[in-house]
Amino acid sequence: MRKILKRVLLIDDNEADNFIHKIFIQKHGGVEETVAVNSGQKALDYLSSNQTGSYPRPELIFLDINMPRMNGWEFLEEYKKLDDEQKGGVVVVMLTTSLNPDDKKMADGDGNVTEFMNKPLNIEKFQSVLEKYFPDRLD
């Protein structure tokens, strides 16, 4: 399969979830690079890193809500403060175990969140995100 996206960023404090989600994305085959970090702060550090003359600018971010130190909502507040060149053209998908309807309502009201879905990520969910947000890149 040809590569549809250059980079996907997984933000989740659960290492097992990151591992499994990374496997599904790699198995799908449509992404050149999948980066996983275990905290919102590490994600912000990654997004603001400029080691090769440009920022990483993932096209798709999967973000967990419930994380220690900096939860998904706090990450989004800090994310909004980044320069546009650090954000790139990303689609932020909240990927969570939360069944709280308030979380869904907050996600719907946040302009940076494009999708709210329950864990675990699988190939079908990943494909549906690609079809919805990157239809022009699919074969």
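Residues numbered from 1 in each chain as written. Predicted model: local features only at pLDDT ≥ 70, side-chain atom pairs only at ≥ 80, totals over all residues. Heavy atoms only, no water.

(A) The pairing of strand 2 (residues 31-37), seen in detail. Summarising the sheet, strand 1 (residues 5-11) and strand 2 pair through 6 bridges and their orientation is parallel. Within strand 2, the position partnered with Arg 7 by the bridge is Glu 33. Assessed by its sense of winding, the connection that carries the chain from strand 1 through helix 1 (residues 15-28) to strand 2 is right-handed. (Pairing = 2+ DSSP bridges. Helix = DSSP H or I, 4+ residues; strand = E, 2+ residues; numbered from the N terminus. Right-handed = clockwise from strand over helix to strand, strands pointing away.)

(B) Quick peek at the sheet that holds strand 3 (residues 60-63). A sheet is described by the order of its strands in space; here 5 strands give the open sequence 2-1-3-4-5, paired in parallel fashion. Of all strands in the sheet, those with a lone pairing partner are strand 2 and strand 5 (113-118), marking the two edges. Direction aside, the axes of adjacent strands within the sheet are offset by 20° on average. Of the strand pairs in this sheet, strand 1 and strand 3 are connected by 4 bridges, and their pairing is parallel. When the sheet's bridge partners are listed, Leu 10 is paired in strand 3 with Phe 62. Where helix 2 (residues 40-47) meets the sheet, it contacts strand 1 and strand 2, and its direction lies at approximately 150° from that of strand 1. (Axes fitted to C-alpha atoms, helices over the stretch in contact; angles between N-to-C directions. Contact = heavy atoms within 4.5 Å.)

(C) Quick look at the environment of Arg 57. Topologically, Arg 57 is positioned in the loop between helix 2 and strand 3. Between the C-alpha atoms of Arg 57 and Tyr 79, which are 22 residues apart in sequence, the distance is 12 Å. A distance of 3.3 Å separates the side chain of Arg 57 from the backbone oxygen of Glu 85, its partner in a polar contact. (Polar contact = N/O pair within 3.5 Å; in protein donor to acceptor, adjacent residues only side chain to side chain.)

(D) Broad picture of helix 1. End to end, helix 1 covers 20 Å across 14 residues, agreeing with the expected 20 Å (1.5 Å per residue, within 8%). When helix 1 is considered as a whole, its buried residues turn out to be Asp 17, Asn 18, His 21, Ile 25 and His 28. Projected onto a plane normal to the axis of helix 1, the buried residues spread over an arc of 95° and lie on a single side. Turned more than 90 degrees away from the buried face of helix 1 sit Phe 19, Gln 26 and Lys 27, all of them exposed. Looking at the buried positions of helix 1, the neighbouring elements they touch are strand 1, strand 2, strand 3, strand 4 (91-96) and helix 6 (123-133). Put simply, Asn 14 is the residue that caps the front of helix 1, since its side-chain oxygen is 2.9 Å from the backbone nitrogen of Ala 16. Downstream of helix 1 by a residue or two, Gly 29 has a phi angle that is positive, lying close to 90°. (Expected span 1.5 Å × (residues − 1). Buried < 20%, exposed > 50% of the residue type's maximum accessible area, 1.4 Å probe, protein only. Arc of directions from axis to C-beta.)

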